[in-house]
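# Residue-level structure breakdown
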Amino acid sequence: MFNLNPKEDKFYKLFSLSAKNVCEAAATLRETMDNLQDKQMKVKNVEELEHRGDQIVHDTIEELNKAFITPIDREDIYDIIKMMDDIVDHIEAAMHRFVMFDINEVTKEAKRLCDMIVEATEENLYMINDLKNMGKSKIILEKVIKINKIENDGDTYFRQTITDLFKSDNDVLTIIKWREIYQFLENTIDSCEGVANIIEGVVMKHV
């Protein structure tokens, strides 16, 4: 099952390309939190990464249509590549809010959530790159557990952040803006866990 021919190996290469693209988008998001002066340029950078992610999804579907045999179930291949693309979509949506809402100062809560996103996407990259070795890999399930913990911590932090936001002295418009931004950041972390959960299922099928 795991003696891959070049055609089968294409899927793992596409997974890796997608995971690297996700990491780059997450890093760009985090960099923007330290300097909103160039947020317009950073948004364009993430838009390019989002287009690249869409192309990777398209290429994967093309390969699926041509492949007679796939290294893992076709549905899992599609779900993994699509969920990783969703991560970039959420990052792009969050980035656009900083421009649309004319945000010029970043909260410590936004930075912390972005730190979690960077951490989760980096763990995701390690996990994806070892997927082709799943039959003997010792790190995939460790990464799944780490990503699950990041998501659980993110949920807790998000709930507390929203509670504090609505208790703050900020005007209603500011509360609405930040509530939406925080939601997109939390959705991003959720999608990272979504990838980990799909991969955990794939590994369980091949134990």
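What counts and how
Sequence order sets the numbering: in each chain, residues are counted from 1 along the sequence as written. Confidence filtering applies because this is a predicted model: local features only for residues at pLDDT of at least 70, side-chain atom pairs given and counted only at 80 or more, and all residues used for totals across whole chains, interfaces and linings. Values shown for side chains rest on all heavy atoms present in the structure; no hydrogens or waters enter the calculation. UniProt positions are given in the numbering used here, feature names are shortened, and annotations may be inferred rather than shown by experiment. Starting at the N terminus, helices and strands are each numbered in turn, a helix being any DSSP run of H or I of at least four residues and a strand any DSSP run of E of at least two. The globule rule used here is 2.2 Å times the number of residues to the 0.38 power, and the radius of gyration it is set against is calculated over C-alpha atoms. Buried, partly exposed and exposed residues are distinguished by accessible area as a fraction of the type maximum, computed with a 1.4 Å probe on protein chains only: under 20%, between the cut-offs, and over 50%, respectively. When checking whether two residues touch, look at their non-hydrogen atoms; a contact exists if any pair is within 4.5 Å. Note on areas: these come from Shrake-Rupley sampling with a 1.4 Å probe, and a residue is covered only by the protein chains present in the view. Definition used in this section: a nonpolar core is a set of buried Ala, Val, Leu, Ile, Met, Phe, Trp, Tyr and Cys residues joined via side-chain atoms within 4.5 Å. None of His or the chain ends enter the tally, which takes Lys and Arg as positive and Asp and Glu as negative. For salt bridges, the criterion is a side-chain nitrogen of Lys or Arg within 4 Å of an Asp or Glu carboxyl oxygen. Note on geometry: axes are C-alpha line fits, over the in-contact stretch for helices, and angles between N-to-C directions span 0 to 180 degrees. For classification purposes, angles smaller than 35 degrees are called roughly parallel, those larger than 145 roughly antiparallel, those between 65 and 115 roughly perpendicular, and all remaining angles oblique. In a left-handed crossing the near helix is turned counterclockwise from the far helix by less than a right angle, and in a right-handed crossing that turn is clockwise. Classes in brief: Ala, Val, Leu, Ile, Met, Phe, Trp, Tyr, Cys and Pro nonpolar; Asp, Glu, Lys and Arg charged; the others, Gly included, polar. Two cysteine sulfurs form what is called a disulfide whenever their separation falls within 2.5 Å.

The protein is annotated in an unreviewed UniProt entry as Phosphate transport regulator of Clostridium fallax. As stated in UniProt under Sequence similarities (unreviewed entry), the record for the protein gives "Belongs to the UPF0111 family."

### Some remarks on the overall build of the protein
Secondary structure summary: the protein contains 6 helices and 0 strands in total. Secondary structure elements of the protein, listed N to C terminal, follow the sequence α-α-α-α-α-α. Here the protein has a C-alpha radius of gyration of 18 Å; the compact-globule value for 207 residues is 17 Å, and the two agree. Referenced to the eigenvectors of the C-alpha coordinate spread, the extents of the protein come out at roughly 60 × 30 × 25 Å. Across the 207 residues of the protein, 49% fall into the buried class. A separation threshold of at least 6 residues defines the contact pool for the protein, and within that pool the share at least 24 residues apart is 83%. Total accessible area computed for the protein in this model is approximately 10,600 Å², and 51% of it derives from carbon and sulfur atoms.

### A short note on the nonpolar core
F15, I80, M84, I91, L185 and I199 are the most contacted members of the largest nonpolar core, which has 66 residues in total. Secondary structure elements with two or more residues in this core: α1 (6-34), α2 (39-66), α3 (74-100), α4 (108-129), α5 (140-167) and α6 (172-205). Take this core: its biggest share by element is 14 residues, from α6. Beyond its immediate stretch of four places on either side in the chain, I80 contacts F15, I72, I128, L131, I198, I199 and V202.

### Examining the UniProt feature "coiled-coil region" (unreviewed entry) in the protein
Within the UniProt annotation, "coiled-coil region" (unreviewed entry) is assigned to residues 19-49. Annotation note: span residues 19-49, helix share 87%, strand share 0%, distance between end C-alpha atoms 11 Å.

### Focus on the side chain of E186
Examined against the element boundaries, E186 turns out to sit in helix α6. Despite its burial, E186 pairs with no opposite charge; the closest candidate is R159, at 6.6 Å N-O. Residues in contact with E186, not counting those within four places in the same chain, are E151, D155 and F158.

### Notes on the packing of α5 against α6
At their nearest, the axes of α5 and α6 sit 9 Å apart, and the two run at 160° to each other. As the angle between them shows, α5 and α6 are arranged roughly antiparallel. Where α5 crosses over α6, the two elements pack in a sense that is left-handed. Counted by class, the contact of α5 with α6 contains 18 nonpolar, 5 polar and 7 charged residues.

### With respect to the state of the cysteines
Counted according to the given criterion, the structure contains 0 disulfides. The thiol of C114 is not disulfide-bonded; the next cysteine sulfur, from C192, is found 12 Å away. Relative accessible area serves as the criterion here: at 0%, C114 is assigned to the buried category.

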